[in-house]
Amino acid sequence: MADAAAKIFLPTVSPTSSPTSKVFALINKVTPGNTTSILPGEAEHEFDAIAALLLVITLIVCILFGYYVKVHRIYCLPESAVAMLVGVVLGGITRFINPDNDYDLSILSFSPEIFFFVLLPPIIFEAGYSLNKESFFENFGTITMYAMIGTMISTFFIGVFILLLGKYSIVSTVDSSNLMETMLFGALISAVDPVATLSIMGSPELQCDQLLYSLVFGESVLNDAIAIVLFRTFLKFYSHNNMEGHDIPLALWEFLYVSFLSIVIGTLLGLLASFIYRHSRLNEYPKFETSLLFLFCYGCYAAAEAAQMSGIMALFFNGMVLSHYNSVNLSRAAHVASEHIFSTLATLSETVVFLYMGAVSFCRRDYNCSLHLSIIVCETLINRIF
């Protein structure tokens, strides 16, 4: 986890702009004539420590603000919005202090691999592990219709709409001859994260209708997985040449194929873990129980990704299977500890994600205002429709 945190803050840079050279330049400015020998490894280690300290302090601020929001029942400002606002402030301060230093601004950038393999698995696993399975499967048909059919309609509608914007030269940066390119964007923007909505609806003070909450929660989890599967499916068929008409049925078949196999992988690995717990005496060693559960979580996600399937969909169903079949095999201490540990990891991961979503807005300068305005209007209209 320490290495992962370091990678977030320390993206790869050229030797001429390495952290070591930055630190040595600072030392030479502050202490002219200083002949003390400082090893490069020590300087880089110190830089890493400062970056990690800033991350920890920022997370503490976000969590304390989230606590304040919960205690004072400020429903118009969810915890996710608080983390994003803190990120915006952090990015704005960094941009204001060092407007021309791209290296300092790169500290605010986000590594996709860190997100997918470190931050995302606890969020998805906790969602499946803590899911109210009875309500979910009672409304599984409706949830699937909203998540699968609704996401596909949204993807194709946005893709065609953006394509028309490019064809009629409303947005000049869109390749109007390539439908698959706009479909990639449609799949990307159709993944709606309802964390803020669910945090409000899940509040016991509001006494929200359980059927509505189950529908929104189930659709939100499957929506993200389906949107990512669609994106990867379209990416396989992406080409700078004109797309053939027979590519769309092949893409849809690929989508169904990947979705089905992902669910199978997650279910089988969940049953395997339950079998191991059932036919062993792990319940006598709670720390081993919890450790194995943690490893099965990441193992399921990594296995699905290695097989070029959807790790999100596999891990979600893996969490559901483990919650249903393996809970009875756990000792009381491991059962309580696993729920709290995964809930804590999910909270920290979500906070980091929303924090960087706010901070990353100051990392780039090459904005195309007309394109972004068209995208925002399109996205808003689609969200209102669905």
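In this convention, every chain numbers its residues from 1, walking through the sequence in written order. Per-residue local features are limited, in this predicted model, to residues with pLDDT of at least 70; the limit for side-chain atom pairs, both in listing and counting, is 80 or more; totals at the level of whole chains, interfaces and linings are taken over all residues. The side-chain figures draw on all heavy atoms in the structure; neither hydrogens nor water molecules are used.

1. Things to note about the packing of aromatic side chains
Paired rings are identified among Phe, Tyr and Trp, the last through its six-membered ring, by centres lying within 6.5 Å, and are further divided according to the angle between planes into stacked (under 30 degrees), edge-to-face (over 60) and tilted (the rest). Taken as a whole and judged by the stated rule, the model has 14 aromatic pairs. A ring pair is formed by Phe 125 and Tyr 129, whose centres lie 5.4 Å apart and whose planes are at 20°; its orientation type is stacked. Residue Phe 125 and its partner Tyr 129 are both found in helix α6 (residues 112-129); the two are separated by four residues, about one turn of the helix. Pairing Phe 125 with Phe 342 gives two aromatic rings, centres 4.6 Å apart and planes at 45°, and the pair type is tilted. In this pair, Phe 125 sits in helix α6 while Phe 342 sits in helix α15 (residues 332-359), placing the two residues 217 residues apart along the sequence. Only protein chains enter the calculation, and the probe is 1.4 Å; a residue is then buried if its accessible area is under 20% of its type maximum, exposed if over 50%, and partly exposed in between. On the basis of relative accessibility, which here comes to 2%, the residue Phe 342 falls in the buried class. An aromatic cluster is built from Phe 125, Tyr 129, Phe 294, Tyr 298 and Phe 342, whose rings are joined through pairwise contacts. Here a strand is any run of E in DSSP of at least two residues, a helix any run of H or I of at least four, and the numbering for each starts at the N terminus.

2. Quick look at the pattern of salt bridges
Salt bridge, as used here, is a side-chain nitrogen of Lys or Arg placed within 4 Å of a carboxyl oxygen of Asp or Glu. For the structure shown, the criterion picks out one salt bridge. The salt bridge involving Glu 284 is made with Arg 281; its shortest N-O contact spans 3.0 Å.

3. Quick look at the environment of Val 82
Along the polypeptide, Val 82 turns up in helix α4 (residues 79-97). Look at Val 82 and you get buried, because its relative accessible area is 5%. The spacing of Val 82 and Val 69 is 13 residues in sequence and 8.6 Å in space, taken between C-alpha atoms. In what follows, residue pairs with any heavy atoms lying within 4.5 Å of each other are defined as contacts. Other than its neighbours up to four places away in sequence, Val 82 contacts Cys 62, Phe 65, Gly 66, Val 69 and Leu 77.

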